[in-house]
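# Report on the structure
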Amino acid sequence: MDIRHRRVETNGIRLHFITGGSGPVVLGMHGWPESHRQYRCLIERLGDRYRFVAPDLRGCGDSDKPQSGYEPTTIASDMLGLLDAEGVEHFHILSHDLGGPPALALAYLSGGRALSLATVETPFFGLDYPGYVDPQVAYWHLGMHMNMDITRLLVEGHEEEYLRHFFRDFAYNPAAVPEEEVQAYVAAMRQPGTLRASLNLYGYIPQIAAQTRQLTEQRLSVPMMAWGGRSSFGTHCIDSANAIASEAYGGVIEECGHWVFQERTSFICDQLDRFWAGKA
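Just so it is clear, the model here is predicted, and its values are computed rather than measured.

Taking 1.5 Å per residue, 14 residues should reach 20 Å; helix α2 (residues 72-85) reaches 20 Å between its end C-alpha atoms and fits that length. Regarding α2, the residues found buried are Pro 72, Ile 75, Ala 76, Asp 78, Met 79, Leu 80, Gly 81, Leu 82 and Leu 83. Of the residues one or two after α2, Gly 87 is the one with positive phi, at around 70°.

With respect to the helices, strands and loops of the structure, Gly 257 is situated in the loop between β8 (248-253) and α13 (260-263). In this structure Gly 257 comes out as buried when scored by relative accessible area, which is 0%. The spatial distance from the C-alpha of Gly 257 to the C-alpha of Arg 274 is 22 Å, given a sequence separation of 17 residues. When near neighbours in sequence (up to four residues on either side) are disregarded, Gly 257 contacts Glu 121, Phe 170, Ala 171, Tyr 172, Gly 229, Ser 231, Ser 232 and Glu 263.

Bringing the nonpolar core into the picture now. Grouped together as the largest cluster of nonpolar side chains are 69 residues, with contacts concentrated most on Met 29, Trp 32, Phe 91, Ile 93, Leu 106 and Leu 220. Among the elements that take part in this core, α2 stands out by supplying six residues, more than any other. Look past the residues within four positions of Trp 32 in its chain and what remains in contact with it is Asp 97, His 145, Tyr 162, Leu 163, Phe 166, Met 189, Leu 195, Ser 198, Leu 199, Tyr 202 and Trp 259. Counting residues in hydrophobic clusters, the runner-up holds 25 residues, among them Ile 3, Ile 18, Met 225 and Phe 275.

Cut-offs and rules
- Residues numbered from 1 in each chain as written.
- Predicted model: local features only at pLDDT ≥ 70, side-chain atom pairs only at ≥ 80, totals over all residues.
- Heavy atoms only, no water.
- Helix = DSSP H or I, 4+ residues; strand = E, 2+ residues; numbered from the N terminus.
- Expected span 1.5 Å × (residues − 1).
- Buried < 20%, exposed > 50% of the residue type's maximum accessible area, 1.4 Å probe, protein only.
- Contact = heavy atoms within 4.5 Å.
- Core = buried A, V, L, I, M, F, W, Y, C linked by side-chain atoms within 4.5 Å.

That is the geometry; function is a separate question.
Okay, here's the thing in structure tokens:
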């Protein structure tokens, strides 16, 4: 599959992104500590039917690393500027992990341009429904990463050991993420400014919760899919989607952890293809 690297000036910053495939556009929004690379395995499987646009979100990968602007609505504006530059009118949204809150904001703010929203292993902050548990209760690293200066002090110089913990221990299959990918993410995190900037995805959790709470006061009219791994977020993702959207699909993936795209590639590609084709 031919993958092109591009850059665009939007919303006061410069974003790096890749494009690949042909067909209806899918905007891929990655999580932490990943980048556009997260979507390469999906492009290989689905690029014959969909055109993927996968950016490095602000603060991550080869995109600019500003000191501010990590609220969901700001990142959603980044994405709209990128899509405008690419001449894209309508698009599906696909997100993983902390790419989920700005993806949700984009679905709300796209003015009818978004065709669907698919979230995979996303922590939803700021919601209030029966049985809701704030992800900060269950996952120790969220609170730690919100204290960005302390995290930098502890992690800088130990990036490989730290990231290996997440890729190994947050997976059902500890070998699911290929070594080549692990090394690429380690190298990226060691680049000047990347750790500091990308931790803002956690440092802004109070703003994420506030904006999510405000946006979801009205039901999301865009069809939404949410999947969680049994060994990770479990039912949190689909329960949250049912509370957010008028039309929600998804569930829990057995024998799967946080890295769904690598752990259950065939399953998630099949589910996404059916969803985007309106057959979910």
